[in-house]
Amino acid sequence: MVEQEHDLTAQQLLEAQQALDVAAFNGILSLAIVLRKRNLLSDAETEGLHDIMSKPLSLPGNADNPVVQDAQQNLDHLFALLVGRS
């Protein structure tokens, strides 16, 4: 693999990080949905996954950020739907 250096602006780095975060979130949630449909992920395991994903959002410096608070609410809602508690 060839390593390339990129001269990115702070805005480009932020946008790239946001895109990667969304892609990771979508991938994890999609995988959880598939596993749940196949009865390979229990309620407890789903709640554990939610806890793991929520932990960084609740850290000092993150929890007071309104964008992070919105993300946490969305995460909570989607996982509640996933375990059948809407």
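Just above sits the structure.
Throughout what follows, the structure given in this document is the object of discussion. Note that the coordinates shown come from a computational prediction; the quantities given were computed from them, not determined experimentally. (Residues numbered from 1 in each chain as written. Predicted model: local features only at pLDDT ≥ 70, side-chain atom pairs only at ≥ 80, totals over all residues. Heavy atoms only, no water.)

### Looking at the layout of surface pockets
Right, on to step 1. Space inside the largest pocket adds up to approximately 630 Å³.
Right, on to step 2. Taken together, 18 residues make up the lining of the largest pocket; nearest its centre are D21, V22, F25, L57 and A71.
Right, on to step 3. No other element matches the eight residues that helix α1 (residues 10–37) contributes to the lining of the largest pocket.
Right, on to step 4. A class-by-class count of the residues in the lining of the largest pocket yields 13 nonpolar, four polar and one charged. (1 Å grid on protein atoms, 1.4 Å probe; cavity = no way out; pocket = protein on both sides within 12 Å on 5 of 7 lines; lining within 4 Å. Points joined across faces, edges and corners; volume = space filled by probe spheres on them. Helix = DSSP H or I, 4+ residues; strand = E, 2+ residues; numbered from the N terminus. Nonpolar A, V, L, I, M, F, W, Y, C, P; charged D, E, K, R; others polar.)

### Side note on helix α3 (residues 66–82)
Right, on to step 1. With 17 residues, α3 should cover 24 Å at 1.5 Å per step; its first-to-last C-alpha distance of 24 Å lies within 8% of that length.
Right, on to step 2. All buried positions along α3 are accounted for by V68, Q72, L75, F79, A80 and L82. Along α3, the residues classed as buried sweep out an arc of 155 degrees about the axis, all on the same side. Structural note: α3 exposes P66, V67 and Q73 on the side pointing more than 90 degrees away from its buried face.
Right, on to step 3. Buried residues along α3 sit in contact with α1 and α2 (43–54).
Right, on to step 4. Sitting at the head of α3, N65 places a side-chain oxygen 2.8 Å from the backbone nitrogen of V67.
Right, on to step 5. Directly after α3, the chain includes G84, whose backbone phi takes a positive value near 85 degrees. (Expected span 1.5 Å × (residues − 1). Buried < 20%, exposed > 50% of the residue type's maximum accessible area, 1.4 Å probe, protein only. Arc of directions from axis to C-beta. Contact = heavy atoms within 4.5 Å. Polar contact = N/O pair within 3.5 Å; in protein donor to acceptor, adjacent residues only side chain to side chain.)

### Some points on the pattern of salt bridges
Right, on to step 1. Counted according to the given criterion, the structure contains one salt bridge.
Right, on to step 2. Note that R36 is salt-bridged to D43, the shortest N-O span being 2.8 Å. (Salt bridge = Lys/Arg side-chain N within 4 Å of Asp/Glu carboxyl O.)

### Describing the packing of α1 against α2
Right, on to step 1. Where α1 contacts α2, the axes come no closer than 11 Å and their chain directions differ by 175 degrees. With respect to α2, the axis of α1 lies roughly antiparallel. Residues F25, I28, A32 and R36 of α1 lie in contact with α2, whose contacting residues are D43, T46, L49 and M53.
Right, on to step 2. Tallied by class, the residues present in the contact of α1 with α2 amount to five nonpolar, one polar and two charged. (Axes fitted to C-alpha atoms, helices over the stretch in contact; angles between N-to-C directions. Parallel < 35°, antiparallel > 145°, perpendicular 65-115°, else oblique.)

On their own, these measurements won't tell you what the molecule is for.
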